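Now for the letters of each chain:
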Amino acid sequence: MFVLVNLKAYPCDPVAVATAAHEVSDATGVRIAIAPQAARLSAVADTGVETWAQHVSPVEHGSHTGSTLAEAAADAGAVGTLLNHSENRLKLADLDASLDAAERADFETIVCANNPDQIAAAAALDPDAVAVEPPELIGTGTPVSKADPDIVRDAVDAAAAVDDSVDVLCGAGISTGEDLASAQDLGADGVLLASGVAKADDPKAALEDLVEPVA
Ligand SMILES: O=C(CO)COP(=O)(O)O
């Protein structure tokens, strides 16, 4: 199971969370990555943790003020990127161009989507993985694996029907080992989470509990 912690714009210490994630990943062998703000990619990557961008812009080198250039994120130490998160939705043409940008930077990619139909459409764009995250559950602490298990099962089936090489993650409200185990039982290859770790008093303890079922 792959665990990707999206720090969003939460007021946490990304280096402290990254250090904790690296320690837990090393101790358990579970793959854990951290996606900080773009400005903190280098500091997070310097901890040795697997580091991802939260987004890369649909642009190449050039006059693109304010963009997040994939090649610059790679130079900062990122090895993958989320795309089309519900909090940073892309038009279809831009999502396709951002995937091209990620490919130029040799990034692994996860395209986020709300539901199985969108998962199928995202899988058709040939990302490495897709992540189903019902926006109404994001940040609630109510795990998608418990609140709506069918959406996870159906997302796994929808992606497989398009391209069975595309991994499927699920997210929204995931925070405990029980949530991760449920996601695995529903066929997910990993989980995407944010507040369960970014807002935890003890991120290391939160991560140790999260990965315990697969450690
Ligand atoms: O948006 C998410 C991960 O990208 C999920 O957020 P929460 O884990 O806070 O529900």
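Thresholds applied
Residues numbered from 1 in each chain as written. Predicted model: local features only at pLDDT ≥ 70, side-chain atom pairs only at ≥ 80, totals over all residues. Heavy atoms only, no water. UniProt positions renumbered as here; feature names shortened; annotations may be inferred. Axes fitted to C-alpha atoms, helices over the stretch in contact; angles between N-to-C directions. Helix = DSSP H or I, 4+ residues; strand = E, 2+ residues; numbered from the N terminus. Parallel < 35°, antiparallel > 145°, perpendicular 65-115°, else oblique. Left-handed = near helix turned anticlockwise from the far one by under 90°. Contact = heavy atoms within 4.5 Å. Patch = residues over 30% accessible without salt bridge, like charges linked within 9 Å, V, L, I, M, F, W, Y side chains within 5 Å. Areas by Shrake-Rupley, 256 points an atom, 1.4 Å probe, with all protein chains shown as cover. Salt bridge = Lys/Arg side-chain N within 4 Å of Asp/Glu carboxyl O. Lys, Arg positive; Asp, Glu negative; His and termini not counted. Charge placed at Lys NZ, Arg CZ, Asp CG, Glu CD. Buried < 20%, exposed > 50% of the residue type's maximum accessible area, 1.4 Å probe, protein only.

The protein chain appears in an unreviewed UniProt entry as Triosephosphate isomerase from Halorientalis pallida. Entered under Subunit (unreviewed entry) in the UniProt record, the comment concerning the protein chain runs "Homotetramer; dimer of dimers."

With their axes 8 Å apart at the nearest point, helix α5 (residues 116-123) and helix α7 (residues 149-162) run at an angle of 30° to one another. The angle between α5 and α7 falls in the class roughly parallel. Remark: the crossing between α5 and α7 carries right-handed chirality. Seen from α5, the contacting residues are P116, I119, A120 and A123; seen from α7, they are I151, D154, A155, A158, A159 and V162.

Attention now goes to a negative patch on the surface. Taken together, the side chains of D96, D100, E103, D106, D126, D128, D167 and D189 make up a negatively charged region of the molecular surface. Element by element, the count of residues in the negative patch is highest for helix α4 (residues 92-104), at three residues. Take D100: it is sitting in helix α4. A relative accessible area of 38% places D100 in the partly exposed class.

So, about the environment of L69. Among the secondary structure elements, L69 is positioned in the loop between β3 (50-53) and α3 (70-75). What makes L69 buried here is its relative accessible area of 15%. Sequence-wise, L69 and P11 are 58 residues apart; in three dimensions their C-alpha atoms are separated by 24 Å. Once residues lying within four places of it in the same chain are set aside, the contact partners of L69 are V59, E60 and H61.

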